[in-house]
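# A closer look at the structure
What follows is the residue order along each chain.
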Amino acid sequence: MAQPTILERLATGDVIVSDGAMGTYLQARGLEPGGCPEAFNADHPEIIRRMAADYFNAGSNMVLTASFGGSRFMLDKYGYSGQTREFNRLAATHARSVASPWHFVVGSIGPTGEILQSNGGTTADDEIYDAFVDQVIGLEEGGADAVVIETMISVEEALLALRATKEHTDLIVMSTMMYDKGPRGWFTMMGDTPASATKRLHDAGADVVGANCGNGSDRMVEIAEIIRGTYDGYMLIHSNAGIPEIRQGQIVYPEGPEYMTERFLKLADIGVNIIGGCCGTTPKHIERFAEAVHEHAPIGYRVAAS
C-alpha cells in the first residue's frame, strides 16, 4: 500500500511535525566556526545520518536535508562549487537512508548569498536560476519528497528556486520567508509584507507557504496570525528557540522545550499545518512538541523511538 504524500496528509487535517536546528546540531559535533556544513555529507556521513535519525526518533514526521547552503554560489566560498549536485544528492540520500516509509525527506534550499539584478544587484537572475536547477535535481536524485525554499529575504529569489523545482523535478514545493518587525510592521529585507509575499509565492505554484528563522516563537505566532488572515492554504512555520544571547562567552538560545511547545500549540490553533524549529531548537524540543501535538491533533502515524 502506497504511503500518503505530504499534501495528502495535510488534506486530512493532520499537523505535520517538522525537525529542529541543523547548524547548532553540527556545531556541537565538530563543525568549526565558518566551516561548510554541506561538506559533512561527504566527509562525515555518519553524523548527517545520525542527525536525521535523532529528529525522526524524537517525533519529526519530516526532516530537512543538510543542504541549506548547497547552491554553487555558497559552495564556491569553500572551494566546492563543482560538487553541488553531489552534495545535494548525498544530503537527501543520508536522510532517506534512516527514514521509515511514512517519514518525509525535505530538501533544504537557502539563499545563494547573491543580490539579483531584479533586486538591483549584479548577479543575473538566469545564473541564480541555473544554480537552483543543479541543487533541486541533486535533491530529487537522492530521494527527497519535497523541497523547502527557506530563510529567503527576496521573493524574486524564492520565485526562481520555485520555478527551477517545478520545471525540473516532480517535488512538492514549500517556500518560507524571513521577516523583521519595524515601526511599520513586518517586512522582508526587500520590503515585502507577509501578505504580499505569501500571495506571490502561492500564485506562482508553491504548495506550502510560510515563515522561518529570525524570530522566537512568540513573534512567529504573530506572523502566522497575519499570514492566516489573508491566506487559507497550507502553512509552514519554523521558529528559532528565541533570540540568541551571550552567556559566559557561549551563545545560548533561551527558549526551552516547554516554552516553545506552548507557542507551537498556539500555531496549531491558528491553523499552521507544518510546525517545527529553526536555530537553537534540538531533538528535545521536537520530542516534547511531538508528544503534545499528537495529543492536540492526532496524526495518522506514530514514530516509534529506537
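Since we're looking at a predicted model, the values are computed, not measured.

On to the pattern of salt bridges, then. Inspection of the entire model under this criterion finds 15 salt bridges. Between Glu141 and Arg85 there is a salt bridge, with its nearest N and O atoms 2.3 Å apart. In this pair, Glu141 sits in helix H7 (residues 125-141) while Arg85 sits in helix H6 (residues 84-97), placing the two residues 56 residues apart along the sequence. Look at Glu141 and you get partly exposed, because its relative accessible area is 42%. A salt bridge links Glu287 to Lys284; its shortest N-O distance comes to 3.9 Å. Residue Glu287 and its partner Lys284 are located together in helix H12 (residues 283-296), separated by three residues, close to a single helical turn.

A word on the side chain of Glu150. For Glu150, the location among the structural elements is in strand S4 (residues 146-152). Residue contacts for Glu150: discarding those within four places in its chain leaves Leu64, Phe68, Ser108, Ile109, Gly110, Pro111, Thr176, Asn212 and His238.

Strand order in the open sheet formed by eight strands is S1-S12-S9-S8-S5-S4-S3-S2, and the pairing between neighbours is parallel. Both edges of this open sheet fall to strand S1 (16-17) and strand S2 (62-64), since each of them pairs with a single strand only. Across three bridges, the pairing between S2 and strand S3 (residues 104-109) is parallel. Across the sheet, residue Leu64 finds its bridge partner in S3, namely Val106. Here helix H10 (residues 217-230) sits on the sheet and contacts strand S8 (208-212) and strand S9 (235-239); the angle it forms with S9, its principal contact strand, is near 165°. Its contacts with the sheet place helix H11 (residues 257-270) against S9 and strand S12 (274-277), and it is angled at close to 160° to S12.

With that out of the way, let us pick up H7. In an α-helix, one turn spans 3.6 residues; hence positions three or four apart end up facing the same way. The terminal C-alpha atoms of H7, which comprises 17 residues, lie 25 Å apart, in line with the 24 Å expected from a rise of 1.5 Å per residue. Each element contacted by the buried residues of H7 is listed here: helix H5 (72-76), H6, S3, S4 and helix H8 (155-168).

The next point concerns the nonpolar core. Ile6, Leu26, Met62, Ile149, Met174 and Ile274 are the most contacted members of the largest nonpolar core, which has 84 residues in total. Each residue touching Met62, except ones within four places of it in the same chain, is listed here: Ile16, Val17, Ser18, Asp19, Phe56, Phe104, Val106, Met174, Leu236, His238 and Ile274.

What follows concerns unusual backbone geometry. Even without being a glycine, Thr151 presents a positive backbone phi close to 60°. Looking at the element boundaries, Thr151 is found in strand S4. Assessed through its relative accessible area of 11%, Thr151 is described here as buried. One non-glycine residue, Gln248, lies in positive phi territory at about 50°. The class for Gln248 is exposed, based on a relative accessible area of 83%.

What counts, and where the lines are drawn
Residues numbered from 1 in each chain as written. Predicted model: local features only at pLDDT ≥ 70, side-chain atom pairs only at ≥ 80, totals over all residues. Heavy atoms only, no water. Salt bridge = Lys/Arg side-chain N within 4 Å of Asp/Glu carboxyl O. Helix = DSSP H or I, 4+ residues; strand = E, 2+ residues; numbered from the N terminus. Buried < 20%, exposed > 50% of the residue type's maximum accessible area, 1.4 Å probe, protein only. Contact = heavy atoms within 4.5 Å. Pairing = 2+ DSSP bridges. Axes fitted to C-alpha atoms, helices over the stretch in contact; angles between N-to-C directions. Expected span 1.5 Å × (residues − 1). Core = buried A, V, L, I, M, F, W, Y, C linked by side-chain atoms within 4.5 Å.

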